[in-house]
Amino acid sequence: MKRRKGMRILVLILSLVLMIQTFSVQAASSDGYVTPNSSSVKIGGYQIKVTFKNGINSLYTRNGTSGKWKKIASGLAAAGVFTTNGANIYYAKSTYSYISGNGSSKIYCISVNGGKSKHITTIPNAGILAMHRYKDNLYLTEFRGKGSPYPTYVYSLKTKKHTLFKENLDINGAYKGYAVMNEHYYKCTVPLYAVNLTTKKIVKTLASNSYKHYVSGKYVYYTDYTTSLTTTRPEEWKNGIFTIKRATVDGKNITAMTSNITGAVQSVTAHRRNGRKILLPFQGDRSDF
């Protein structure tokens, strides 16, 4: 009898332990959102990507690194932005036109496995350039009108309030509680920052003069120019001097991956060469800008 009673107590204790472990995993996952500044990401055993075909952005997922892609949403905003923790995905659809200044953007949430999308909120008179979820907030980089500043707002999923976060900084990639932010890339180098989303503080200036970067998971790869460059002197871009660096999104572990390079950068992606991830510079002019 005592043995049977002891077994029941042991089963109860094990059940409580499993419940605590399950809750811990779910809680950690809910804050584990990443926002790539590219059209694809690998997280939580899934691959997620946005494709553009016939004028339409569509959202796809697949389990693992092979197999058939599954379309789970279409008609995404022109930037094709999304944020995910490998379980849920937030994305935007938009009718906003910066030329007319009319329209709105709607934010949705959907399971990575598909199903029915849930409408979260509508942002009137604005387009959405980027978004990131952290805890109970959505961080949204928005634009209103052609050539306007690109402020970042925070939308509370609890209070439903929509408030200004940073006046003139874009979120271009984020990992959990930190984001890589910059003045909007146009035709000049700009400062690149690591920002704490809870305190709103810039925790690190990654580069005073950067043009383009790439966020992959917890890492950001970026260019660090020795001087400020603008399009008023195109020859400066052709002969610009920069190094390629990598850091974690929280602004730590900054590593120079190359010595000085002379040239211009058209875009930034992560590739492997000789077993190392590096950025490939575009050695040419900027006539396409």
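Residues numbered from 1 in each chain as written. Predicted model: local features only at pLDDT ≥ 70, side-chain atom pairs only at ≥ 80, totals over all residues. Heavy atoms only, no water.

Draft legend 1. Spotlight on the pattern of salt bridges. Applying the stated criterion across every chain, the model contains five salt bridges. A salt bridge links Arg133 to Asp136; its shortest N-O distance comes to 3.8 Å. Looking at Asp136, the relative accessible area reads 32%, which means it is partly exposed. For Asp224, the salt bridge goes to Lys245, with nearest N and O atoms at 2.9 Å. (Salt bridge = Lys/Arg side-chain N within 4 Å of Asp/Glu carboxyl O. Buried < 20%, exposed > 50% of the residue type's maximum accessible area, 1.4 Å probe, protein only.)

Draft legend 2. Highlighting the sheet that holds strand 4 (residues 56-63). With respect to topology, four strands assemble into an open sheet ordered 2-3-4-5, the strand pairing being antiparallel. Each of the sheet's edge strands pairs with one partner strand only, and the pair in question is strand 2 (40-43) and strand 5 (70-74). The sheet shows a mean angle of 25° between the axes of neighbouring strands, taken without regard to direction. With eight bridges joining them, strand 3 (residues 46-53) and strand 4 adopt antiparallel strand pairing. Residue pairing across strands places Val50 opposite Leu59, the latter belonging to strand 4. (Pairing = 2+ DSSP bridges. Helix = DSSP H or I, 4+ residues; strand = E, 2+ residues; numbered from the N terminus. Axes fitted to C-alpha atoms, helices over the stretch in contact; angles between N-to-C directions.)

Draft legend 3. Representation of the packing of aromatic side chains. For the structure on display, the rule yields eight aromatic pairs. Relative to Tyr90, the ring of Tyr33 has its centre 5.9 Å away and its plane inclined at 65°; by these criteria the two rings are edge-to-face. Of this pair, Tyr33 sits in the loop between helix 1 (2-30) and strand 1 (34-35) while Tyr90 sits in strand 7 (residues 88-94), and the two are 57 residues apart along the sequence. Given the relative accessible area of 5%, Tyr90 is considered buried. With centroids separated by 5.8 Å and ring planes inclined at 80°, the aromatic side chains of Tyr225 and Trp237 adopt a geometry described as edge-to-face. Of this pair, Tyr225 sits in strand 19 (residues 219-225) while Trp237 is found in helix 2 (residues 234-238), placing the two residues twelve residues apart along the sequence. Take Tyr225: its relative accessible area is 3%, and that puts it in the buried class. What links up through ring pairs into an aromatic cluster is the set Tyr211, Tyr225, Trp237 and Phe242. Positioned over the ring face of Trp69 is Lys49, at 4.2 Å from the centre of the ring. (Phe/Tyr/Trp six-rings, centres within 6.5 Å; stacked < 30°, edge-to-face > 60°. Lys NZ or Arg CZ within 6 Å of the ring centre and 35° of its normal.)

Function cannot be read off these values alone, since they describe shape.
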